[in-house]
Amino acid sequence: MLARLYRWLDRPLIIAVMRIAVAMVNVVTGFVLARALGPQGRGETAAVIAILGIAPIVLGLGLPLVVRRRSVDAAGAGRAVRSVRLLAVALTVPSLGIGLLCTATVLGTLDDAGRGAFLVGSALIPVTVLWTCDANVLFATGRNLEYAMTALVPAVVIAAVAAGGAVLGVLSVAVVVGAIIAGNVVALAFTSLRVRVSLTGGHEPVARVVREGVRFSGAQIADAASRRLDQAIALPLVGAVQAGYYSVAASLTLLPLALGSSLGAVAFRRVSAVPEGSPRKHEIARSVRGTVVLTSLVSLVLAAASPVAIRVVFGADFVPAVGPTLLALTGTTGVVLAYVASSILTALGRGWVMTAASALGGVVGIALAFVLGPRHGAMGLAAASSIGFWVSAVLCVAGLPVPRRELTLRRSDLRGSITDLVTREDRVVAR
């Protein structure tokens, strides 16, 4: 019975379902933080969470995408994972350096306990790199349910620790950082059990893995920066209160990225499997069109629900977040489209195209944040992020090898994208 249930659940849609569940758990966490810490405390924790989310991507050097590509061939997964383990040890030093830099700059308002906890969390950044690489083995081999669980496990741990801290009356930035550390450790334990790669055995030459990873790292860093760096720099740009409002807007507008995770997984595997020529171009175009139609529909639903949802979930103090949320939702389709297109570019091995597109979008978004944020607060940050998302999306799509005429939306696109989500794929299991 359990085997039948697993097979029924193990399809691309489960990734979206789990990511939505993660988003809901994060909303609960945000609710707890908002109620317990207020707008100022929420702004500080948003900055800490953003930095600890970006840092593993910066220091990861594109290694998760290298592991993903290697894992399409079952024999390559173990060798790639062992190489990453060797590199993770060396990453501890620069990880601590990032912590020291951030506590001296954008996190200067933290108390001593918060700074100390943040430094410990920074030193453990390689733990996140390790479980993220394991998760990409699951992604590449079509183990949808297990891959989806990798995002849910740390979110649940963080929410549980934060809720416990609130109940006991001890919730603070330091406790939030402790929750993040616990979530990442549990996530690594989970992925290590699901991706059983022995400690001994052959590995890829470390220099070769790093060289390949650098081709993709710029895109990952820029993408993470466009989605998280604005929250990290919001404190000095707009102040803690406006940063708190924007953190609510950003969390709600990125909810549809759950769909992007599922659609990107399907697109990556299918594009990797089909031969070059017309079949591949058709598959790429279909993925792009379906992403635009489905995500736009979901964004409209979120826009209609946000005014009431924000008041009910976060309280009257966060009603000023409604305007930034509605403005930020105009960029939601762009960020999801950029994610799916990047998955396709990864499958095609076009790392530099992906890097250039994501980097330019990230630069535009962050530059506009410095211009619009101080003048317009959370509204300015929302406008900046939306524009940056669309710049990345347009450039990523422009880098795909598909005629522009095939990207014209069709009535069948919505049905096709839904079918992709609910259809179970044949998959290769790589151990």
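Relevant structure appears above.
Just so we're clear, the structure is a prediction, and the values are computed from it rather than from any experiment. (Residues numbered from 1 in each chain as written. Predicted model: local features only at pLDDT ≥ 70, side-chain atom pairs only at ≥ 80, totals over all residues. Heavy atoms only, no water.)

**Observations regarding the overall build of the chain**
Move 1: Across its full length, the chain carries 16 helices and zero strands.
Move 2: For a compact globule of 431 residues, the expected C-alpha radius of gyration is about 22 Å, and the chain comes in at 20 Å, within 12% of that figure.
Move 3: If you line up the chain on its principal axes, its C-alpha atoms span 55 × 50 × 45 Å.
Move 4: Counting only residues that meet the buried cut, the chain has 56% of its 431 residues in that class.
Move 5: Expressed as a percentage of contacts within the chain between residues at least 6 apart in sequence, the contacts between residues at least 24 apart total 86%.
Move 6: Mean positive and mean negative side-chain charge positions of the chain (38 and 19 charges, respectively) differ by 5 Å. (Helix = DSSP H or I, 4+ residues; strand = E, 2+ residues; numbered from the N terminus. Rg over C-alpha atoms; globule rule 2.2 N^0.38 Å. Buried < 20%, exposed > 50% of the residue type's maximum accessible area, 1.4 Å probe, protein only. Contact = heavy atoms within 4.5 Å. Lys, Arg positive; Asp, Glu negative; His and termini not counted. Charge placed at Lys NZ, Arg CZ, Asp CG, Glu CD.)

**Comments concerning the environment of L101**
Move 1: Mapped onto the secondary structure, L101 falls in helix α5 (residues 92-104).
Move 2: Take L101: its relative accessible area is 55%, and that puts it in the exposed class.
Move 3: As for L101 and V288, which are separated by 187 residues in sequence, their C-alpha atoms are 39 Å apart.

**Some points on the pattern of salt bridges**
Move 1: Following the criterion strictly, the structure yields eight salt bridges and no others.
Move 2: A salt bridge links E146 to R194; its shortest N-O distance comes to 2.8 Å. Of this pair, E146 sits in helix α8 (residues 144-168) while R194 is found in helix α9 (residues 173-194), placing the two residues 48 residues apart along the sequence.
Move 3: Among the residues examined, E146 registers a relative accessible area of 7% and is labelled buried.
Move 4: We classify R194 as partly exposed; its relative accessible area is 29%.
Move 5: Bridged by salt links that share partners, the residues R69, R70 and E212 form one connected network. (Salt bridge = Lys/Arg side-chain N within 4 Å of Asp/Glu carboxyl O.)

**Considerations on the packing of aromatic side chains**
Move 1: Overall, the coordinates contain three aromatic pairs when judged by the stated rule.
Move 2: Among the aromatic side chains, those forming a connected cluster through ring pairs are F139, Y147 and F268.
Move 3: Taking NZ or CZ as reference, R68 lies 3.8 Å from the ring centre of F139, over its face.
Move 4: Here R68 stacks its cationic end above the ring of F268, 5.6 Å away from the centre of that ring. (Phe/Tyr/Trp six-rings, centres within 6.5 Å; stacked < 30°, edge-to-face > 60°. Lys NZ or Arg CZ within 6 Å of the ring centre and 35° of its normal.)

**Remarks on the packing of helix α6 (residues 112-123) against α9**
Move 1: Packing of α6 against α9 brings their axes to within 8 Å, and their N-to-C directions diverge by 15°. Viewed along their axes, α6 and α9 adopt a mutual orientation that is roughly parallel. Of the two possible hands of crossing, α6 and α9 adopt the one that is left-handed. Contacts between α6 and α9 involve A113, G114, A117, F118, V120 and G121 on the former and, on the latter, V173, A174, V177 and I181. (Axes fitted to C-alpha atoms, helices over the stretch in contact; angles between N-to-C directions. Parallel < 35°, antiparallel > 145°, perpendicular 65-115°, else oblique. Left-handed = near helix turned anticlockwise from the far one by under 90°.)

**Comments concerning the nonpolar core**
Move 1: Residues V67, Y147, I284, I344 and L400 are the most contacted members of the largest nonpolar core, which totals 69 residues.
Move 2: Per-element accounting of this core gives the leading share, 11 residues, to helix α14 (residues 332-348).
Move 3: Beyond its immediate chain neighbours, meaning those up to four positions away, I344 contacts A267, V271, I284, S287 and L400.
Move 4: Listed in part, the 29 residues of the second largest apolar core include A34, A243, F318 and A382. (Core = buried A, V, L, I, M, F, W, Y, C linked by side-chain atoms within 4.5 Å.)

**Things to note about α5**
Move 1: With 13 residues, α5 ought to run about 18 Å at 1.5 Å a step, and its terminal C-alpha atoms sit 19 Å apart, in line with that.
Move 2: When we look at burial in α5, the residues that qualify are S95, G99, C102 and T103. Buried residues of α5 fall within an arc of 95° about the axis and therefore sit on the same side. For α5, exposure combined with an orientation more than 90 degrees from the buried face picks out V93, L101 and A104. (Expected span 1.5 Å × (residues − 1). Arc of directions from axis to C-beta.)

**Regarding α8**
Residue pairs three or four apart in sequence face the same way in an α-helix, which turns once every 3.6 residues.
Move 1: Taking 1.5 Å per residue as the helical rise, α8 with its 25 residues ought to reach 36 Å, and the 37 Å between its terminal C-alpha atoms agrees with that figure.
Move 2: The principal kink in α8, of about 25°, is found at T150, preceding the proline P154 by one to four residues.
Move 3: Two residues or fewer past α8, G169 is found with a positive phi of approximately 75°. (Bend = angle between axes of the 7 residues up to and from the residue.)

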